[in-house]
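# Results of the structural survey
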Amino acid sequence: PAAASAPVTPAAGEALVNLQFTADCWTQLTDANGKVLLSALKRRGDSVELAGKAPLELRLGYARGVVVLVNGQAVDVAPFIHGETARLKLGQ
């Protein structure tokens with residue numbers, strides 16, 4: 001039987017985004033085609049791994065509560081934080 005948590009493998013031109021939540025955070029991830037890959041309130045302890053056509057747009061409702069990795073590399077969201085929220089492009 002196939003494992004429920006099989007690793008996500010990005011196709012050519014796609015970026016692999018891993019989000020690890022250290023606090024509750026509303027999150028939206030949209031790919032370059034405008035397709036919403038994730039739009040949800042994620043809870044502390046949750047983690048999500050998604051692949052989508054780069055560049056991806058990430059919106060975070062509580063940016064300090066999320067660890068963001070793109071293709072295995074940590075992304076510093078601090079420069080993008082305004083108040084508690086952040087909006088940034090990934091994988092460009």
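So, here is what we can say about the structure in this document. (Residues numbered from 1 in each chain as written. Predicted model: local features only at pLDDT ≥ 70, side-chain atom pairs only at ≥ 80, totals over all residues. Heavy atoms only, no water.)

### Looking at the nonpolar core
If you look at the biggest cluster of nonpolar residues, it comprises 21 residues, and the most contacted ones within it are Leu 19, Leu 58, Leu 60, Val 68 and Leu 90. When near neighbours in sequence (up to four residues on either side) are disregarded, Leu 19 contacts Thr 27, Leu 38, Asp 46, Ser 47, Val 48, Leu 58, Val 66, Val 67 and Val 68. (Core = buried A, V, L, I, M, F, W, Y, C linked by side-chain atoms within 4.5 Å. Buried < 20%, exposed > 50% of the residue type's maximum accessible area, 1.4 Å probe, protein only. Contact = heavy atoms within 4.5 Å.)

### Observations concerning the sheet that holds strand β3 (residues 36–42)
Sheet architecture is open: five strands sit in the order β3-β2-β5-β9-β8, paired in antiparallel fashion. Each of the sheet's edge strands pairs with one partner strand only, and the pair in question is β3 and β8 (81–82). Relative to strand β9 (residues 85–90), strand β5 (residues 56–60) is paired through five bridges, and the arrangement is antiparallel. Bridge pairing in β9 links Arg 59 to Arg 87. (Pairing = 2+ DSSP bridges. Helix = DSSP H or I, 4+ residues; strand = E, 2+ residues; numbered from the N terminus.)

### Some thoughts on the sheet that holds strand β6 (residues 66–70)
With antiparallel pairing, the four strands of this open sheet are ordered in space as β4-β1-β6-β7. Each edge of the open sheet carries a strand with a single partner, namely β4 (47–53) and β7 (73–75). The mean angle between the axes of side-by-side strands here comes to 30°, regardless of whether they run parallel or antiparallel. The pairing of strand β1 (residues 14–21) with β6 spans five bridges and is classified as antiparallel. (Axes fitted to C-alpha atoms, helices over the stretch in contact; angles between N-to-C directions.)

By themselves these figures say nothing about function.
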